[in-house]
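Listed here are the chains, written in short residue letters.
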Amino acid sequence: MVFNLFSRQPECLVLAIEMADARTASRIHGEAFARAWGDGEFESLISQQSVFGYLACPEGRARDAAAGFVLCREAAGEAEILSIGISPKQRRTGLGWRLMRTAILEARRRGAEEMFLEVDETNAAAVQMYRKLNFVQVGERRAYYVRDGAPSTTALVMRRDLR
């Protein structure tokens, strides 16, 4: 992977997600979350007209080598981040930021006036990134994330104005 000498960000392309990317998104989701979504779940979502998303692919590598993805839905003036995942080795390199910025711009282009997401309260890096992207907490879902053999955690519901 090629790195820019003046930043930690790897050179990568942000590409619109396609049906053929379901397996790649499922792989990344499995690396990022304890309860991974399968290929079929991604295929079902990607096939919906209101769903859009992006892959972060290292420059010069195949789409199946993607290191991150974001999947969103837009309806009735609202957008929602359905899921975002970054491969563990690529975290804190700016890929999540780039994917989120691209998703925010596309949601605006589609006419969304606000965007929502849910994030595990224990994921400090993600919460910090969302706050830097001007998301604010508007609610919470207690005991939302259930982990095998560990206590459940709260999901923070966050919102950002897109106007």
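Below is a summary of the structure that appears in this document. (Residues numbered from 1 in each chain as written. Predicted model: local features only at pLDDT ≥ 70, side-chain atom pairs only at ≥ 80, totals over all residues. Heavy atoms only, no water.)

1. Observations regarding helix 2 (residues 39–46)
Among all positions in helix 2, only Phe42, Leu45 and Ile46 are buried. Summarising the axial view, the buried residues of helix 2 lie within an arc of 95°, below the 170-degree limit, and thus occupy one face. In this structure, the buried residues of helix 2 make contact with helix 1 (22–32), strand 2 (51–58), strand 3 (68–75) and strand 4 (78–86). (Buried < 20%, exposed > 50% of the residue type's maximum accessible area, 1.4 Å probe, protein only. Helix = DSSP H or I, 4+ residues; strand = E, 2+ residues; numbered from the N terminus. Arc of directions from axis to C-beta. Contact = heavy atoms within 4.5 Å.)

2. A look at the pattern of salt bridges
Taken as a whole and assessed by the stated rule, the structure comprises 10 salt bridges. Between arginine 142 and glutamate 140 there is a salt bridge; the shortest N-O distance is 2.8 Å. In this structure, a network of salt bridges that share partners links the residues Glu114, Arg159, Asp161 and Arg163. (Salt bridge = Lys/Arg side-chain N within 4 Å of Asp/Glu carboxyl O.)

3. Some words on the packing of aromatic side chains
Centre distance and the angle of the planes are the two values used to describe a pair of aromatic rings. This model, assessed by the stated rule, comprises 5 aromatic pairs. For the pair tryptophan 37 and phenylalanine 42, a centre-to-centre distance of 5.3 Å together with 50° between the ring planes defines the contact as tilted. Arranged with centres 5.0 Å apart and planes meeting at 90°, the rings of tyrosine 144 and tyrosine 145 form a pair that is edge-to-face. For tyrosine 145, a relative accessible area of 24% puts it in the partly exposed group. (Phe/Tyr/Trp six-rings, centres within 6.5 Å; stacked < 30°, edge-to-face > 60°.)

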